[in-house]
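# A look at the structure
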Amino acid sequence: MANPPTPEPTRRDFLYIATGAAATLGVGFAAWPFIDSMNPSSAVLAMASIEVDLSAIQPGQQVIFKWRGHPLFVRRRTPKEIAAARAVSPSDLPDGLARNANLTESAPATDANRTIKPEWLVVVGVCTHLGCTPAVSTRESPQGAYGGWLCHCHGSDFDASGRIRKGPAPQNLAVPPYAFIGPTKIKIG
Amino acid sequence: MAGHSNYVPKTGLARWLDQRLPVIRLMNDHFVTFPTPKNLNFWYTFGAILAVMLVVQVVTGIVLAMHYVPTADLAFGSVEQHIMREVNYGWLIRSLHASGASMLFLAVYIHMGRGLYYGSYKAPREILWILGVFIYLLLMATAFFGYTLQWGQMSYWAATVITSLFSAFDQIIPHFGTALSTWVRGDYAVGDATVNRFFALHYLLPFVIAGVVGLHIWALHVTGNGNPLGIEVKGPQDTIPFHPWYTVKDAFYLTLFLIVFLAIVFYAPNFFGNPDNYIPANPLVTPSEIRPEWYLLPFYAMLRAVPNTLLGVLVLFSALLTPLFIPWLDTSKVRSYRFRPVMKQLFWVFVATCILLGYVGAQTTDAAWHLGEVDIPLVWLARLATLYYFAFFWALMPWIGKKEVTRPVPESIAQSVLKKGAVLTKGGEQ
Amino acid sequence: MKTVSLLMALSVALVVPAFAGEDLTQPQPPRDAKWSFDGVFGTYDRSALQRGFQVYKEVCAACHGLNLVAFHDLAAPGGPGFTAAQAKAIAAGYKIAAEPNEDGDIFDDKGNRLTRSGTLADHFPPPFANDAAARANNSGALPPDLSLIVKARQGGANYVYSILTGFNQKVPHGVTVPDGKYYNPYFPGRTIAMPPPLNQGSVSFNDGTPTTVTNEAKAVVTFLTWASAPELEARHRIGLQVLAFLVLLAGLLFLSYRKVWHGKPEE
C-alpha cells in the first residue's frame, strides 16, 4: 500500500489491515454453515447404522439389504463354497488385501480375513471398478467362472469370498464395519 | 459522470487482460475511483445494504432450494422437518432467508423514501427511479411466491386470496377472470401445480431482479449520484472517490444493519412471522384472521377499503404503478424537499399515511377505534388514507410544485460543505 | 414542529384503542410463566425435558402426535440429554408401522397393521391411523400434532402452559359450556374439547419432583418447546458469538470510517 508520509503511518495501516482482516474472517466463517448444510443430514446419519436379522437366510442364498444407500450382500455360504474359497492363496489374487473394515488395512486377502463367521459373507455390493452392482451366481443362474458375482458393466468376476479374480475391478468387494449382536443378528455401520 | 477512466494496469498480465476484457478497469472506474458527491448522508447507505441483502437472499435461497420439495404433500415437511431439523444449519439458513426478506423490504422502503425526499426521481434520473420501481414490484412478486412455498396455513390462504384477485375480471368479461385464476393456479384451487410453478418462479425472478439491479446501477453511474442538497455536481471540488470514503461508510452502516438483522435471526426468528404458518396448509379450514406479510399490508388495506372487488383490484394495481409516474408528476424546479417546506410536511404525512394503512391492513375487517362515545371504523380511515395516497402523487405533487415558495438552494456542494466549517481536504490524507 | 405533533397524535391514537371490562368472547391473555429457555442465554432444563418427555409419553401421546420428532433427536445435543442407548431403548418401546413383509402384506390375517419395534431413525408414531380415525375417537375434534405447537400458537410456551393449567375454573356468567366441552379461559371461544389432561399424580417422576399439575405442565411445555425449536440452544450460543464479532467489526469499521473521513461529522 503506497501511502504518503503521515504522522502515524503504523497505527493507520494497522487499523485498516485489522478491519479488512476481521471482515474477511467474518465472511469466511459465514461460509461454513452453507458448506456444512450440503453434508449428509441428521436423518441420513441416523440411517448410517442398521441391524439385520439373518435367521431367514438359507444356505447358498444371498439376501440384499440397503445400507447407506448401497446394496449390501449377505450370503450364507455352503461348506463347499467356503472350502473352495479357502483353497486360494492371497498371493495368486489380483488384489492381495482383505479390504475388511474390521481388520487392519494390511491384512491379507485370505478367506478367513473376509468374514467374521465363515458361514456369513457380508460385502458392499458395489463393484470396485465403476460402482455397478454385480449379479450373484446361483445354481440356477451361474454368473462368471468363480461362483461368486459377475459385474455386467465391464465383466469383473468375483469369487464366493467377494474377491476380484478376473476383469478390470482393482479391489476386492469391500467388507463393511459390522459385528454380530446375536447368533444370527448383525449390526452394520 | 463516469468520465474518462484513469485506470493504469500495473503488470503485464493486467495489461493483457485489460486489452481483452477490461473487468478490472470496470471495477476500478465504478467502485473505486467513481466520483461521488461528498455530502451523501446516512440514508444513502441503504443502496449498498440492499445489494448485500439481495446477495444474502440469493445465497441462502439456492441452498434452501437444494433441500426443499415443491409438492403439496411434502413442502411443509421439507421445511419444518428436513430443513429446520435435519439439515446441518438448516434452521439458520431458513431463518436468514425468511427474516432476510423482511429486512430487505425494510431497506427498500427506506431507500425509496430517501429517493422521494431528496427528489432523486427528477431529471435526469427518471430511468434510474423507474428501474428502482420495477425492482420493487419484482421483489414483491418474488416475496409472495416465496411465502407460499412454506405451505403453512398463511401461505396457502395468501396464495388463494391473491390468485382469486384475478377472478375479479369476471366483472368485465364473464368467466375470463375465473379462467385466468385457474390458469395461474393450474388447478381449481391452489394445489400441487401451484406450489411447483411458484417455486420455479421464485427461483427465476431473482435473476431478473439481478439484471434490473445491474441496469439500475448503470443508470446511476451515467447520471451520477443525487445528494441531499438536490443540486448537480459542478466539478471535482464537489466529489470524492467512492473508495475508500463510501466503501468504509457503507460497510460501517451495513454492519449496524446486520447486527439488527442477525439479532432477530438468532433471538426472535419468528418476529416477522405468523404462528398460523406453523400449521400445515389445510384447504378445508381458513384461519380466523388472514393477513399478508407486513410489507404488503398497506396495499392489502387499500384492497379491503374498496367494497367492489374489481375496483379494489384496480385501486391496488394503480397504487403499485403510481410511483412510475412520479418523475413527471413533480412539477417543482427544486429537487430536495429540504428546500421545499410544504412538500416536506406533505411527505411526512404520506409516511404516516402508509404506516396507518399498514396498521389497518393488520386488523380485522370490522375493527374500529373507540374514542369516547365515537366509533371510528378502521375501514373509513383506510379509505381516507388511500385517498391521500393517490392525492399526494396525482394532485398535491403537480400542484404544490408550481405554487410552493422554496427556500434558497446553495450554489454548490463544496460551498455548502465549507459553510458548515468542516474542511474536507483532497484524498483524505492529513 | 407540526409534523412531529401530528405523528405523536397518530401514535397515541394507535395505542389507545379502549378496553372496557372483560370480553367473554375473547380468550384471556396467557399467563407469564418464567422459563429457563427465555432470554439471550436461555437453555433447556435437561431434567425438565426428561420429565416433560415422560408426561408427553404417558399422557399426551394417547391423542397427540409428535410427527416431526425422531427418536435420535432425543439423544442430540441441546435436547433432553438421553444417551444413545437410552434413546434406542425408548425407540424400541414404540410400535412402528412395518414395511411390507416377504409376502407383500402390511396387515395380518385379522386385518391388524403389521408393526415392528422402532429404531433411532424412526419418528414418533401417530396415535391414530389417520385424521378421520382421530376425530372418530375424540367426539369430532382433531387433536393437533404437537411437533410445532409452541410456535404455532400466539403466546407460545406461555399459551400452552396456560391451557394446561387453565381447567377447573369457575365458569363465569354469560358463558355456556356445551356437553363434551370444558371451560378454559385461555382457549379461543373459552370452551375446549380436550378434557383436563393433567391431574395431581398423572405421572410419577423418578427424580422426586412433586407431581402437581403445575410441575407436570411446566415439564411438558419445556419438552414441547424443545420439540418446536430443537435448535434453540445452538441458536442462542452461535448468536452470541456472531453478535460479539459484529460489534467488534462495527467498532473497527467506525474507527476506520472516522479515520478516512477525519472525524467529519455526519451532515
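Provided above is the structure to which this section pertains.
## A short note on the overall build of chain A
- Secondary structure assignment for chain A yields three helices and ten strands.
- For chain A, the C-alpha radius of gyration of 26 Å lies well beyond 16 Å, the compact-globule estimate for 189 residues.
- Counting every position in chain A, which comprises 189 residues, the buried fraction comes to 40%.
- Taking as baseline every contact in chain A between residues at least 6 positions apart, the subset at least 24 positions apart corresponds to 53%.
- Accessible surface, chain A: about 10,000 Å² in total, of which carbon and sulfur atoms supply 62%.

## Things to note about the overall build of chain B
- Within chain B, the secondary structure is distributed over 16 helices and four strands.
- Computed over C-alpha atoms, the radius of gyration of chain B comes to 24 Å, within 12% of the 22 Å expected from 2.2 N^0.38 for 430 residues, which places it in the range of a compact globule.
- With respect to the three principal axes, the spread of C-alpha positions in chain B is 70 × 60 × 45 Å.
- With 430 residues in all, chain B has 54% of them scored as buried.
- Pairs at least 24 apart in sequence give 79% of the contacts found in chain B among residues at least 6 apart.
- Carbon and sulfur atoms form 71% of the exposed surface of chain B, whose accessible area is close to 19,400 Å².
- With 28 positive and 22 negative side-chain charges, chain B shows a separation of 14 Å between the mean positions of the two kinds.

## Concerning the sheet that holds strand β1 (residues 50-53) of chain A
Residue and element names in this part refer to chain A.
- The sheet built from three strands is open, its strands ordered β1-β10-β9 with antiparallel pairing. A strand with exactly one partner marks an edge of an open sheet, and here the two such strands are β1 and β9 (178-182). The mean inter-strand angle of the sheet, taken between neighbouring strand axes irrespective of direction, is 30°.
- Here β9 pairs with strand β10 (residues 185-188) via four bridges, running antiparallel. Residue pairing in the sheet places Ala179 in a bridge with Lys187 of β10.

## Topic: the pairing of β1 of chain A
All names here are of chain A.
- The alternating pattern of β1 places Ile50 and Val52 on a buried face, while none of Glu51 and Asp53, on the opposite face, is buried.
- As paired strands, β1 and β10 are joined by four bridges and run antiparallel to one another. Counted as the bridge partner of Ile50 is Ile188 from β10.

## With respect to the pattern of salt bridges
- A full pass over the atoms with the stated rule returns 23 salt bridges over all chains.
- The salt bridge involving Asp330 of chain B is made with Lys122 of chain B; its shortest N-O contact spans 3.6 Å. Note that Asp330 of chain B is positioned in the loop between α13 (326-329) and α14 (341-361) and Lys122 of chain B in the loop between α5 (90-117) and α6 (126-149), a separation of 208 residues in sequence.
- One salt bridge connects Glu231 of chain C with Arg235 of chain C, and the closest N-O pair in it is separated by 2.9 Å. Grouping residues by exposure puts Glu231 of chain C and Arg235 of chain C together as buried.

## Examining helix α5 (residues 156-165) of chain C
- Of all ten residues making up α5 of chain C, ten are buried, and the element is well covered by its neighbours.
- Considered for burial, the residues of α5 of chain C that qualify are Gly156, Ala157, Asn158, Tyr159, Val160, Tyr161, Ser162, Ile163, Leu164 and Thr165 of chain C.

## Considering the nonpolar core
- Ranked by internal contacts, the top residues of the largest apolar core, which has 135 residues, are Leu116, Phe299, Phe392, Phe393 and Met397 of chain B.
- Considering each element in turn, this core owes the most residues, 15 residues, to α6 of chain B.
- The residues contacting Phe393 of chain B, other than those within four sequence positions of it, are Leu116, Thr322, Ile326, Leu329, Phe350 and Pro398 of chain B.
- Membership of the second largest hydrophobic core comes to 46 residues, among which are Ala33, Val55, Leu164 and Val203 of chain C.

## Focus on the side chain of Asn227 of chain B
All names here are of chain B.
- Note on placement: Asn227 falls in the loop between α9 (192-223) and β2 (239-241).
- With a relative accessible area of 2%, Asn227 lands in the buried category.
- Polar side-chain contacts of Asn227 include one of 2.9 Å to the backbone oxygen of Ile231.

## Structural notes on the state of the cysteines
All names here are of chain A.
- Counting across every chain of the model gives one disulfide over all chains.
- Bridging Cys132 to Cys153, the disulfide has an S-S length of 2.0 Å. Between Cys132 and Cys153 the disulfide shows an S-S torsion of about -95°. By sign, it is left-handed. Of the two residues, Cys132 is situated in the loop between β4 (120-124) and β5 (135-136) and Cys153 in the loop between β6 (147-150) and β7 (157-159); the sequence distance between them amounts to 21 residues.
- Residue Cys153 is classed as partly exposed on the basis of its relative accessible area of 40%.

Thresholds applied
- Residues numbered from 1 in each chain as written.
- Chains lettered and ligands numbered in written order.
- Predicted model: local features only at pLDDT ≥ 70, side-chain atom pairs only at ≥ 80, totals over all residues.
- Heavy atoms only, no water.
- Helix = DSSP H or I, 4+ residues; strand = E, 2+ residues; numbered from the N terminus.
- Rg over C-alpha atoms; globule rule 2.2 N^0.38 Å.
- Buried < 20%, exposed > 50% of the residue type's maximum accessible area, 1.4 Å probe, protein only.
- Contact = heavy atoms within 4.5 Å.
- Areas by Shrake-Rupley, 256 points an atom, 1.4 Å probe, with all protein chains shown as cover.
- Lys, Arg positive; Asp, Glu negative; His and termini not counted.
- Charge placed at Lys NZ, Arg CZ, Asp CG, Glu CD.
- Pairing = 2+ DSSP bridges.
- Axes fitted to C-alpha atoms, helices over the stretch in contact; angles between N-to-C directions.
- Salt bridge = Lys/Arg side-chain N within 4 Å of Asp/Glu carboxyl O.
- Core = buried A, V, L, I, M, F, W, Y, C linked by side-chain atoms within 4.5 Å.
- Polar contact = N/O pair within 3.5 Å; in protein donor to acceptor, adjacent residues only side chain to side chain.
- Disulfide = S-S within 2.5 Å.

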